[in-house]
Amino acid sequence: MASASSSSDSDTGGASPPPRKKHRASAAEGAGEPGASAVVTGLSGIVLGLATHSPHSQATSAIHFNRSVVNNLSSSMQSNGAGQGQESTDLSCLNSAQNGESSTAGGTHSNGLLSSTDNGNGVGTSNGSATGPGSGTSAAPTASGSEVGSLKKKKRLSQAEEDVIRLIGQHLHGLGLNQTVDLLMQESGCRLEHSSATKFRNHVMEGEWDKAENDLNELRALMHSPNAIVRMKFLLLQQKYLEYLEDGKVLEALQVLRGELTPLKYNTDRIHVLSGYLMCSHAEDLKAKAEWEGKGTASRCRLLDKLQTYLPPSVMLPPRRMQTLLRQAVELQRDRCLYHNTKLDSSLDSVSLLLDHVCSRKQFPCYTQQILTEHCNEVWFCKFSNDGTKLATGSKDTTVIIWQVDPETHQLKLLRTLEGHAYGVSYLAWSPDDMYLIACGPDDCSELWLWNVQTGELRTKMSQSHEDSLTSVAWNPDGKRFVTGGQRGQFYQCDLDGNLLDSWEGVRVQCLWCLGDGRAVLASDTHQRIRGYNFEDLTDRNIVQEDHPIMSFTVSKNGRLALLNVATQGVHLWDLQDRVLVRKYQGVTQGFYTIHSCFGGHNEDFIASGSEDHKVYIWHRRGELPIAELTGHTRTVNCVSWNPVIPGLLASASDDGTVRVWGPAPFLDSQEADGLNENCSNMDS
């Protein structure tokens, strides 16, 4: 197809536009002396025996017996030249047991956390056999002379190892496995959290607010920011106030508000809101207005989560820290996965933590699912509707075809044909509600068609002047207005009936876009730039400046990024807010023909573009090299469109007169699926 030249008016300024095709331009430690294993086993039984004998007299006699055994073993080891420097370590373990640091059934555990109800069974193992009431196994086995050997030296844990143990302990505590946490902390020598933090936690959960306030004084010295105490106290008193109100203790609540919260002189706006809760007629009204769960475990746990943010992790771990780290790891793997194109549940229950996250290329829209051949000439444009249920294609054959997308099979079938566009159709725009479709022609077209998609009727045929060039259009987010223009020197804002509302003179427009605020219009012009125009205050400003003609551009859903097809350069990604060039994508062949690229896939993580080398290129938004090249078209691919609702559906329009619909590989066995990869080249590095 030959390039079409466009005229320019001398009074509009700027260089004449380039010729254009159309407007779209360890086992080693256990290998000691023969008696080493037996000695360690004996000591383990001694220590565990202490934990399982509850009568004081039995514990005392066992302690004296254990000391005697340890001294004898130590002397024997020293005489054999083994185990030097290890006695103090194991004695400290015994002393810990003698001082009552072993776990007890019920009450407060050695890790400082409240225990769950004990089932009454003793805890302890010796050589893999359970010891406890009625087990019939002695808790303190004797050691013969042949069993004497070197004791294993207790390994000093690194900071990272201690952190991991604390994270595991916190997670197990959350599961209610408190005795397991006690044993873990006792054996590792770690502490789950500071004793002051433990007291604070318990007092908060029990609703003992005065004691919790006193605990804050102990925590003050452990905190990095002294001002955090005021914030924490405010949160405590707020919970206290709300619980008084729920219990109907209005006078007590009023005293907290006036005598405790207000003197803090912190967050007075919130205090005013809290005071309004005094007017609540009943508890349910209070919960609804305060958006509060009510007195009990749920609201106090949420309070603790907020309080923990002010405490250093060395004092109290952030809530559910292990789950947070695991979730971050899963999300990072997804982000690094080149072909991840589905929305998954953010909970850890939906993934396997035992395997790395990997998406197969067969799940990606790399395979031709359908070839639409109803057009009888070059297809210049294609665009999915906003709800993803339809595809509109425009052609040089003067028709627009609306295709229906089957929600189950994702196959497309012809819905209706819109005829009468004498110059051909080079641009299409769906209204925000998908009720209307606007069609524009190439450079020499001065007409615009506004179709009712539901009925197939032409609502408006607009032409301001026979000398106009209406080659681009963009809908206002309100769906009641649109802007249109071309390269003859102006663009217009019109209503649905084609009535002119505003115009901006002196701008030779290449492409248009309305931002989400409804006030600003972006327009690329023949000065190789994109400027923002505001019809309300009649101001304009420069946003993007390129060194070569901008043939087309599109904007991401959040309005932050713009994707440009630049003549002879290819596809560029710009940050509209920071006004910087983010990335240049490689591979595509782009001359002076108009090619329309698009954002797409889940979370708009991908970018696709046609090319003059007959291919469709796909990039991950964060990578410059293509992750896939789709072959099958036999002439220039003018436009691509990614379904906004179905991430695995992509369409491309070409000068070969066809529209190709791309999707994942069919459900075939692995050998057949591998054979389908002829039209999807893997570009992974």
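Please read all numbers here as calculations on a predicted model, not as lab measurements.

**Student:** Describe in detail the pairing of strand β16 (residues 509-514), supporting the description with residues and values.
**Tutor:** Counting buried positions over the 6 residues of β16 gives 5, a clear majority of the element. Where β16 and strand β17 (residues 520-525) come together, 5 bridges link them in antiparallel fashion. Within β17, the residue paired with Leu512 across the bridge is Ala523. Between β16 and β17, which pair antiparallel in sequence order, lie 5 residues; one of them, Gly518, sits at a positive phi of approximately 80 degrees.

**Student:** Residues and numbers for the packing of aromatic side chains, please.
**Tutor:** Tallied over the entire structure, the rule returns 14 aromatic pairs. Aromatic pair Phe381 and Tyr427: ring centres 4.8 Å apart, planes at 45 degrees, arrangement tilted. Of the two residues, Phe381 is situated in strand β4 (residues 379-384) and Tyr427 in strand β8 (residues 427-430); the sequence distance between them amounts to 46 residues. The buried category is assigned to Phe381, whose relative accessible area is 5%.

**Student:** Outline the UniProt feature "repeat: WD" (unreviewed entry) in the chain, listing residues and values.
**Tutor:** The positions UniProt marks with the feature "repeat: WD" (unreviewed entry) are residues 372-406, 418-449 and 630-662. Secondary structure across residues 418-449 comprises 0% helix and 38% strand; the distance between its end C-alpha atoms is 10 Å.

**Student:** Outline the pattern of salt bridges, supporting the account with residue identities and numerical values.
**Tutor:** One pass over the full model with this rule turns up 23 salt bridges. Across the pair Glu208 and Lys211 runs a salt bridge whose closest N-O atoms are separated by 3.4 Å. Asp210 is the salt-bridge partner of Lys240, the closest N and O atoms lying 3.4 Å from each other. Remark: Asp210 occurs in helix α7 (residues 209-220) and Lys240 occurs in helix α8 (residues 228-246); sequence separation between them is 30 residues. Linked through salt bridges whose partners overlap, the residues forming this network are Asp210, Lys240 and Glu260.

**Student:** Residues and numbers for helix α6 (residues 195-206), please.
**Tutor:** With 12 residues, α6 should reach 16 Å at 1.5 Å per residue; the first-to-last C-alpha distance of 17 Å fits that figure. Three or more residues of α6 are buried, namely Ser196, Ala197, Thr198, Phe200, Arg201, Asn202, His203 and Val204. Where α6 is buried, its residues meet α7, α8 and α12 (297-308). Immediately downstream of α6, the backbone of Gly207 shows phi near 75 degrees, a positive value.

**Student:** Can you lay out the confidence of the model for the chain for me, pointing to particular residues and giving the numbers?
**Tutor:** Counting all residues, the mean pLDDT for the chain is 79, and 74% of those residues have values of 70 or more. A low-confidence stretch, residues 1-108 stays under pLDDT 50, and its non-local contacts, those more than four residues away or across chains, total 188 contacts.

**Student:** Break down the sheet that holds strand β20 (residues 550-555) for me, citing the residues and quoting the values.
**Tutor:** Read from one edge of the open sheet, 4 strands run β20-β21-β22-β23, paired in antiparallel fashion. The open sheet has two edge strands with one neighbour each: β20 and β23 (580-585). On average, adjacent strands in this sheet sit at an angle of 25 degrees to one another, irrespective of strand direction. In the sheet, strand β22 (residues 570-575) pairs with β23 via 5 bridges, with the strands oriented antiparallel. Among the inter-strand pairings, Trp574 is bridged to a residue of β23, identified as Leu581.

Reading the values: the criteria
Residues numbered from 1 in each chain as written. Predicted model: local features only at pLDDT ≥ 70, side-chain atom pairs only at ≥ 80, totals over all residues. Heavy atoms only, no water. Buried < 20%, exposed > 50% of the residue type's maximum accessible area, 1.4 Å probe, protein only. Helix = DSSP H or I, 4+ residues; strand = E, 2+ residues; numbered from the N terminus. Pairing = 2+ DSSP bridges. Phe/Tyr/Trp six-rings, centres within 6.5 Å; stacked < 30°, edge-to-face > 60°. UniProt positions renumbered as here; feature names shortened; annotations may be inferred. Salt bridge = Lys/Arg side-chain N within 4 Å of Asp/Glu carboxyl O. Expected span 1.5 Å × (residues − 1). Contact = heavy atoms within 4.5 Å. pLDDT = per-residue confidence, 0-100. Axes fitted to C-alpha atoms, helices over the stretch in contact; angles between N-to-C directions.

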